[in-house]
Amino acid sequence: MSSPVVSNVKYVILGASGNTGSIMANSLLSKGEKVRVIGRDASRLQGFVRQGAEAFTANLSDAAALTKAFSGARAAYLMLPPVKSREDQERESDAIAKALRESGVRYAVNLSSYGAHVPEGTGPVAGLHSAEQKLNGIDSLNVLHLRAAYFMENNLAALGTIHEMGMFAHALLPDLKLPMIATPDVGNYAAQRLLSLDFSGKQTRELLGERDLSMTEITAVIARGIGKPDLRYVQLPYGQMEQALTQMGISLKSVALYIEMFKAINTGLLAAQEPRSPENSTPTSFEKFVQDVFAPAYSGLAATA
């Protein structure tokens with residue numbers, strides 16, 4: 001039997017080099033907390049190690065490694081990596097649940113998605129529904145599922161088309177309003193809940209971003225932010241969206257899941273359940289996101305072209 005990891009680590013963070021995990025890790029470390037960061041690539045964890053974190057390399061489908069990584073911690077931040085297939089999602093959530101059970105972690109904040117109340121037909125979100133169910137099955141675990149809105153950062157995938165073709169193209173309906181959130185807001189909210197551990201049993205909380213926006217509205221904000229006033233939104237047929245995603249190098253299995261998710265958003269199957277409130281709204285507006293993230297990325301692309 002391998003010996004447990006000996007340390008006084010309080011928090012374990014999965015996906016520490018990702019969008020939300022990195023915010024969590026930096027936030028907790030800046031408060032002097034003892035943190036263990038987990039990722040597949042040791043080199044991407046070095047920045048946290050320099051700030052005093054303990055790094056642990058593990059694959060998220062390896063229950064034995066994760067059990068070690070979780071051992072001795074009081075609380076964990078959980079997430080599944082970007083989807084490759086539903087089978088991968090099941091393997092990963094199985095391993096995470098098994099490791100939590102065996103390591104005896106008492107508290108977890110789990111990154112889920114709005115729409116995760118629906119069991120199937122929602123692409124990658126169905127995998128998050130399944131993960132929530134598995135975590136809810138662990139009696140000793142207090143878990144808070146953060147059902148985050150559509151990430152503003154998803155729109156960065158459109159940079160190339162905007163630059164090359166002068167249009168924002170996507171499969172989502174032009175005038176359907178959906179909740180959109182900046183990932184730092186998710187990370188900051190999750191860090192705050194991990195620090196306070198003010199939840200018990202099995203809880204969910206939707207995080208709906210600053211306000212609901214349609215693709216037409218976000219295109220107008222981007223147009224102003226990058227100085228292209230004539231930028232228009234074009235809704236693509238699903239077949240064309242499939243082609244576009246495949247050309248970006250995304251695997252066919254992943255593409256099929258994304259298309260299923262876009263259909264679920266368009267038909268209203270995937271929709272927020274909580275009325276918007278100060279508790280589930282977050283500060284970063286889409287205007288601020290464009291100013292701080294999207295416009296600089298666009299300038300960088302234009303400069304290298």
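Bear in mind the structure is a predicted one, so any value in this text is a computation, not a measurement.

Asks: Even after reading the chapter, I still don't get the sheet that holds strand E9 (residues 178-181), so can you show me in this structure?
Replies: Hydrogen bonds between backbone atoms are what pair the strands of a sheet, whose relative direction is either parallel or antiparallel. Pairing is mixed in the open sheet, where three strands are placed in the order E7-E9-E11. Each of the sheet's edge strands pairs with one partner strand only, and the pair in question is strand E7 (150-151) and strand E11 (212-213).

Asks: How do you make sense of empty space enclosed by the protein when you look at a structure like this?
Replies: The method is simple in principle: a probe with the dimensions of a water molecule rolls over the atoms, and the space it marks as empty is what remains. Enumeration over the complete set of coordinates arrives at two cavities of 30 Å³ or more. Taken as a whole, the largest cavity encloses approximately 70 Å³ of empty space. Elements with a minimum of two residues in the lining of the largest cavity: helix H4 (86-103), strand E5 (107-113) and helix H5 (124-136). Grouping the amino acids of the lining of the largest cavity by side-chain chemistry returns nine nonpolar, two polar and no charged. Volume-wise, the second largest cavity comes out at about 40 Å³. Lining the second largest cavity, in full, are Pro81, Pro82, Val83, Lys84, Asp88, Gln89 and Glu92. Among the residues making up the lining of the second largest cavity, the classes are represented as three nonpolar, one polar and three charged.

Asks: Would you explain the packing of aromatic side chains in this entry?
Replies: Two numbers describe a pair of aromatic rings. These are the distance of the centres and the angle of the planes. Overall, the coordinates contain three aromatic pairs when judged by the stated rule. Their ring planes at 80° and their centres at 5.7 Å tell us that phenylalanine 168 and tyrosine 233 sit as a pair that is edge-to-face. With phenylalanine 168 in strand E8 (residues 167-170) and tyrosine 233 in strand E12 (residues 232-235), this residue pair connects regions lying 65 residues apart in the sequence. Of the two residues examined, phenylalanine 168 and tyrosine 233, each falls in the buried class. Taking 5.5 Å as the distance between ring centres and 40° as the angle between the ring planes, the aromatic pair formed by phenylalanine 286 and phenylalanine 289 counts as tilted. Here phenylalanine 286 pairs with phenylalanine 289, and both are found in helix H11 (residues 286-304), just three residues apart, close to one helical turn. We note that phenylalanine 286, like phenylalanine 289, is buried. The ring of tyrosine 238 carries the charged tip of lysine 263 above its face, separated from the ring centre by 5.1 Å.

Asks: Before we go on, may I ask you to explain the packing of helix H9 (residues 238-247) against helix H10 (residues 252-267) in this structure?
Replies: Helix-helix packing is characterised by the crossing angle of the two axes and by the distance between the axes. Relative to each other, H9 and H10 sit at 140°, their axes nearing to 10 Å. Between H9 and H10, the angle falls in the class oblique. Between H9 and H10 the crossing geometry is right-handed. Taken together, the residues of H10 that come into contact with H9 (itself represented by Tyr238, Met241, Glu242, Leu245 and Thr246) are Leu252, Val255, Tyr258, Ile259, Phe262, Lys263 and Asn266.

Asks: In this structure, what is going on with the pattern of salt bridges? I would like to understand it.
Replies: Two side chains that carry opposite charge are able to pair once their charged atoms sit near each other. Enumeration over the complete set of coordinates arrives at 16 salt bridges. Glutamate 102 is the partner of lysine 98 in a salt bridge, and the nearest nitrogen-oxygen pair spans 3.7 Å. Linking lysine 98 with glutamate 102, this pair stays in helix H4, spanning four residues, or about one helical turn. In this structure lysine 98 comes out as partly exposed when scored by relative accessible area, which is 45%. Between arginine 205 and glutamate 274 there is a salt bridge whose closest N-O contact spans 3.5 Å.

The rules we used
- Residues numbered from 1 in each chain as written.
- Predicted model: local features only at pLDDT ≥ 70, side-chain atom pairs only at ≥ 80, totals over all residues.
- Heavy atoms only, no water.
- Pairing = 2+ DSSP bridges.
- Helix = DSSP H or I, 4+ residues; strand = E, 2+ residues; numbered from the N terminus.
- 1 Å grid on protein atoms, 1.4 Å probe; cavity = no way out; pocket = protein on both sides within 12 Å on 5 of 7 lines; lining within 4 Å.
- Points joined across faces, edges and corners; volume = space filled by probe spheres on them.
- Nonpolar A, V, L, I, M, F, W, Y, C, P; charged D, E, K, R; others polar.
- Phe/Tyr/Trp six-rings, centres within 6.5 Å; stacked < 30°, edge-to-face > 60°.
- Buried < 20%, exposed > 50% of the residue type's maximum accessible area, 1.4 Å probe, protein only.
- Lys NZ or Arg CZ within 6 Å of the ring centre and 35° of its normal.
- Axes fitted to C-alpha atoms, helices over the stretch in contact; angles between N-to-C directions.
- Parallel < 35°, antiparallel > 145°, perpendicular 65-115°, else oblique.
- Left-handed = near helix turned anticlockwise from the far one by under 90°.
- Contact = heavy atoms within 4.5 Å.
- Salt bridge = Lys/Arg side-chain N within 4 Å of Asp/Glu carboxyl O.

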